[in-house]
Amino acid sequence: MRRVIELATPHLLRELRADSVTLITGERPPAAWLRAFRATLAPSTVRVCVDAVLGYTDVRLSPTDVRAALDRALPERAIVWAHNLALGRNLTLSRELAALCAARDLPLVAHHHDWWCDRRWPRWPVIQHCGFRTLAAVAAAIFPSQGRVAHVAINQADAGILRRHFPGRAHWLPNLVERTAPRKRSAVRGTPLWLMPCRVLRRKNIAEALLLTRWLRPEATMIVTVGADEADEAAYASALAAAAREHRWPLRLGGHGSSIADLYAAAEAVLFTSIQEGFGLPQLEAAAAKRPAIIRRLPQIAPDLASLGFRFPQAYDEIVVSPTLFDWKGEVQRQAIAYRTWLGQLPRSIRPLAEKPTLLRAQLTPRPVPFSRLTLAAQIEVLRLPARESWSCCASLNPFLDAWRDRAARGKLEPTAWPRAAEARLSGKAYARHFAKIADIPPRQPLTPERAACAQRDFIRARLRTSEIFPLLWSNR
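To start, this report covers the structure provided alongside it. (Residues numbered from 1 in each chain as written. Predicted model: local features only at pLDDT ≥ 70, side-chain atom pairs only at ≥ 80, totals over all residues. Heavy atoms only, no water.)

Let us now look at the overall build of the protein chain. When helices and strands are counted, the protein chain shows 20 helices and 14 strands. The C-alpha atoms of the protein chain give 23 Å as radius of gyration, which agrees with the globular expectation for 477 residues (23 Å, within 12%). For the protein chain, the spread of C-alpha atoms along the three principal axes comes to 65 × 55 × 35 Å. Sequence-distant contacts in the protein chain: of pairs separated by 6 or more residues, those separated by 24 or more amount to 78%. Computed over 69 positive and 42 negative side-chain charges, the inter-centroid distance for the protein chain is 1 Å. (Helix = DSSP H or I, 4+ residues; strand = E, 2+ residues; numbered from the N terminus. Rg over C-alpha atoms; globule rule 2.2 N^0.38 Å. Contact = heavy atoms within 4.5 Å. Lys, Arg positive; Asp, Glu negative; His and termini not counted. Charge placed at Lys NZ, Arg CZ, Asp CG, Glu CD.)

So this is what it looks like as structure tokens:
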């Protein structure tokens, strides 16, 4: 999100003919980042307004205090570009910001990168404690009914839901990509480097990337660029790191001391095995760097990337593993217990919408299953086996991997070409043009609160389908 802001703002200022930017935030940005941001925007001025009540917070806030802080921070005339209101980390701010913009007749572009109902159900009691006791109250805060509001999604699947409920107010705006001249691959001593450019997060499904590395390029070292920087991910990161140490897997979770650009230049291949993403920026960065990528095809973003002209030669839907590689009965028991606990975290009214996970649909008969649908415990059981042994059991279940294995051994994995059509949507100039059209919001008739509740229910229903239910995301323990 911060990357989008820093890349887009210079283009937005030129397109909108604006001469100043106000950053409104709950904590002061890092000094180095702010210096670089100001230098990029010079001679335009950058004003920073910091107040704890205007940031991510899990405490109950006084609406009066939030409104007063916003009143001080917001210029009299402005286009308000609000990021991640739907994440639900400060619903009082979301509600008061919409109310203030409506009172001042300011256009409000609500840019939704993520959703509170997406893998964050343990936060429901926190949201209630903050004063939003019902799902309808949450919906009203993130989808305001009055004022000049536009809702922006970063993928077409989410934009489609928004358009259905907020016609004329909903838009798709894919993230922009800063293309630089790709660097020649730098010489690397020792083992080949396979790169996973991400933080250590459960949804990145890192064990699957390691499995692919061990199968396709056993000589390679796999590097994850950034370690776990969220408390909720600490247990996952610790378990992965401990298993890697115990079994001497060539896996490094952050702490590499090199810049991302240097790692891309050194990488023989790039891996993206996420089970949930909103846009797919790393895939595009790999294409821009002309590095071959092995990519898990995600239903939320694959159609968008295809519509932009991207073709990924090494893309797959699932990696399937034999049930002989892990304790099937133990995994069924683990998932049954964890699923019941996870269901208990959902508000009662939506529990009937939750579908059964893949493995529990087939619990009586051991059968091949997608690796992504296992708990981390079962994924580690698979990885503990020698790579040759697990490959011999699973090669016939994943026939497309044979050709990739041969290409990897010969250094012939294919990079993704950058299509001309992508420039029309992903360049800074194109982004600014589309944003300017979105921000030109005419006065409209107020919406009924029921529209907000229905939109939120559709987002929840989409997140509770079997295809979107992954054991890795049920608990941070």
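As a further point, take the pairing of strand β4 (residues 108-112). Burial within β4 is extensive, with five of its five residues counted as buried. Of the two faces of β4, the one carrying Leu108, Ala110 and His112 and the one carrying Val109 and His111 are both buried. Across four bridges, strand β3 (residues 80-83) lies against β4 in parallel orientation. Looking at β4, one finds that histidine 83 is bridged to histidine 111. (Buried < 20%, exposed > 50% of the residue type's maximum accessible area, 1.4 Å probe, protein only. Pairing = 2+ DSSP bridges.)

Time to look at helix α19 (residues 428-439). With 12 residues, α19 should cover 16 Å at 1.5 Å per step; its first-to-last C-alpha distance of 16 Å lies within 8% of that length. Taken together, the buried positions of α19 are occupied by Gly428, Ala430, Tyr431, Ala432, Phe435, Ile438 and Ala439. At its buried positions, α19 is contacted by α1 (2-16), β3, β4, β5 (149-153), β6 (170-172) and α18 (420-426). (Expected span 1.5 Å × (residues − 1).)

At a minimum axis separation of 9 Å, helix α8 (residues 206-216) and helix α16 (residues 387-394) run at an interaxial angle of 95°. By the angle between their directions, the pair α8 and α16 is classed as roughly perpendicular. Contact residues: Leu211, Arg214 and Trp215 in α8; Ala387, Ser390, Trp391 and Cys394 in α16. In terms of residue class, the contact of α8 with α16 is made up of five nonpolar, one polar and one charged. (Axes fitted to C-alpha atoms, helices over the stretch in contact; angles between N-to-C directions. Parallel < 35°, antiparallel > 145°, perpendicular 65-115°, else oblique. Nonpolar A, V, L, I, M, F, W, Y, C, P; charged D, E, K, R; others polar.)

What follows is about the sheet that holds β5. Strand order in the open sheet formed by four strands is β3-β4-β5-β6, and the pairing between neighbours is parallel. One side of each edge strand has no neighbouring strand; the edge strands of this open sheet are β3 and β6. Taken pair by pair, the neighbouring strands of this sheet meet at an average axis angle of 25°, ignoring direction. In the packing of α19 onto the sheet, the strands contacted are β3, β4, β5 and β6, and the crossing angle to β4 comes to about 125°.

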